[in-house]
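Working through the structure, step by step
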Amino acid sequence: MAVWRKCVNSRGMQDNVKVDPSDAADSKVQLILAGERLFAERGVEAASLREIAAAAGHGNNNAVRYHFGSKQGLVQAIFRHRVMQMEPVRAELLARLHAANLATDTRAIFEVIVLPYFTLRSADGTFSYPAFILQYLLYHRPKGIQHTADEASALSSALNAAQNLLHSRIGYLSPEVVDDRVLHAMITFITGIIVAENAVPKLSAEQYLAKIDDALDQAVASLVVQNSPREATLVREFLA
């Protein structure tokens, strides 16, 4: 069924325009993908809503505000779109994790969280989600901007379950330290993906796999590493 939408015409007057809901849904997805790509390339703050609309093929510069309300609304829409795409993959990996009795294996748990990223490569080979999520983790997560997974909802139940397992695995640390370590582990791994993706000359399949495997090892090591004795460090001298 078609719906009617009020749009501003070239004379600044409102017209009623007939819109097919499937077209509107496709329009939103194009904005989501364009937003993810530009946020990844330029940062969330630098990419303008006008540029995102143009990159998505929209003649209406207010398309992002119409569909998502604001730039942060678009960021959350990107999260929801990607989490929903990855959720079936994560659910399958989580089931395999439990079947193999690996629910206390830190690397296996971390793999459930991050390996579904590799299902997001588009048909033309582009892969912008890692760089987008890195922008979020570095600059917006510390400001308290939420991710879809912060809500215990059916939308991300497999992701929530894997994150709970990971937090439990290092639950001997304080909650603040656990949150910091998970954040830093994610940054380490995602940076590894971006380095592998951008390598010149292009890595062979075997070289790429080795890079990703090592990035996983580094990320997991950062999660479980023991704290150094305070008297054995020089950090207080330099930060006092």
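If you're wondering where the values come from, they're calculated on a predicted model, not measured in any experiment.

1. Describing the overall build of the chain
A tally of regular secondary structure across the chain gives 10 helices and 2 strands. Secondary structure of the chain in N-to-C order comes out as β-β-α-α-α-α-α-α-α-α-α-α. For the chain, long-range pairs separated by at least 24 residues make up 62% of all intrachain contacts whose partners lie at least 6 apart in sequence. Of the roughly 13,800 Å² of accessible surface on the chain, 55% is carried by carbon and sulfur atoms.

2. A few points about a nonpolar patch on the surface
Together, Leu 234, Val 235, Phe 238 and Leu 239 make up an exposed nonpolar region whose accessible area comes to about 490 Å². Looking at where Leu 239 falls in the secondary structure, it is placed in helix α10 (residues 235-239). Classification of Leu 239 by relative accessible area gives exposed; the value is 70%.

3. Some points on the side chain of Arg 181
By secondary structure assignment, the location of Arg 181 is in helix α8 (residues 175-198). The buried charged residue Arg 181 lacks any salt bridge partner; its closest oppositely charged side chain belongs to Asp 180, at an N-O distance of 8.3 Å. Of note is the side chain of Arg 181, whose polar atom sits 2.6 Å from the backbone oxygen of Val 225.

4. Section: the packing of aromatic side chains
Tallied over the full model, the rule gives 8 aromatic pairs. Centroid distance Phe 79 to Tyr 136: 4.8 Å. Interplanar angle 75°. Geometry classified as edge-to-face. With Phe 79 in helix α4 (residues 71-99) and Tyr 136 in helix α6 (residues 129-140), this pair connects stretches of sequence that are 57 residues apart. Taking the centre distance of 5.3 Å and the plane angle of 70° together, the rings of Tyr 117 and Tyr 129 count as edge-to-face. Within this pair, whereas Tyr 117 is found in the loop between α5 (106-114) and α6, its partner Tyr 129 is found in helix α6, the two being separated by 12 residues in sequence. When sorted by exposure, Tyr 117 lands in the same class as Tyr 129, which is buried.

5. A closer look at unusual backbone geometry
Cis peptide bonds are those with omega within 30 degrees of zero, and the linkage from Val 200 to Pro 201 qualifies with -5°. Of note, Pro 201 is situated in the loop between α8 and α9 (205-224). Phi is positive for Asn 101, close to 55°, though the residue is something other than glycine. Counting through the fold element by element, Asn 101 comes out in the loop between α4 and α5. For Asn 101, a relative accessible area of 69% corresponds to the exposed category.

6. Quick notes on the pattern of salt bridges
Summed over the entire model, instances satisfying the criterion amount to 6 salt bridges. For Arg 107, the salt bridge is made with Glu 111, and the minimal N-O distance between the two is 2.8 Å. Remark: Glu 111 and Arg 107 occur in helix α5; sequence separation between them is 4 residues, near one turn of the helix. Since its relative accessible area comes to 22%, Glu 111 is described here as partly exposed. Close ionic contact of Arg 121 with Glu 197 constitutes a salt bridge, the shortest N to O distance being 2.7 Å. Of this pair, Arg 121 sits in the loop between α5 and α6 while Glu 197 sits in helix α8, placing them 76 residues apart in sequence. Classification of Arg 121 by relative accessible area gives partly exposed; the value is 35%. Glu 197 gets classed as partly exposed once you look at its relative accessible area, which sits at 27%.

7. Structural notes on the nonpolar core
Within the largest apolar cluster, 66 residues are counted, with the highest numbers of intra-cluster contacts made by Phe 39, Ile 52, Phe 110, Tyr 117, Met 186 and Phe 189. Those residues in contact with Tyr 117 that sit more than four places away from it in its chain are Met 86, Arg 90, Phe 127, Tyr 129, Ile 133, Met 186, Ile 190 and Ile 193.

Criteria and thresholds
Residues numbered from 1 in each chain as written. Predicted model: local features only at pLDDT ≥ 70, side-chain atom pairs only at ≥ 80, totals over all residues. Heavy atoms only, no water. Helix = DSSP H or I, 4+ residues; strand = E, 2+ residues; numbered from the N terminus. Contact = heavy atoms within 4.5 Å. Areas by Shrake-Rupley, 256 points an atom, 1.4 Å probe, with all protein chains shown as cover. Patch = residues over 30% accessible without salt bridge, like charges linked within 9 Å, V, L, I, M, F, W, Y side chains within 5 Å. Salt bridge = Lys/Arg side-chain N within 4 Å of Asp/Glu carboxyl O. Buried < 20%, exposed > 50% of the residue type's maximum accessible area, 1.4 Å probe, protein only. Lys, Arg positive; Asp, Glu negative; His and termini not counted. Polar contact = N/O pair within 3.5 Å; in protein donor to acceptor, adjacent residues only side chain to side chain. Phe/Tyr/Trp six-rings, centres within 6.5 Å; stacked < 30°, edge-to-face > 60°. Core = buried A, V, L, I, M, F, W, Y, C linked by side-chain atoms within 4.5 Å.

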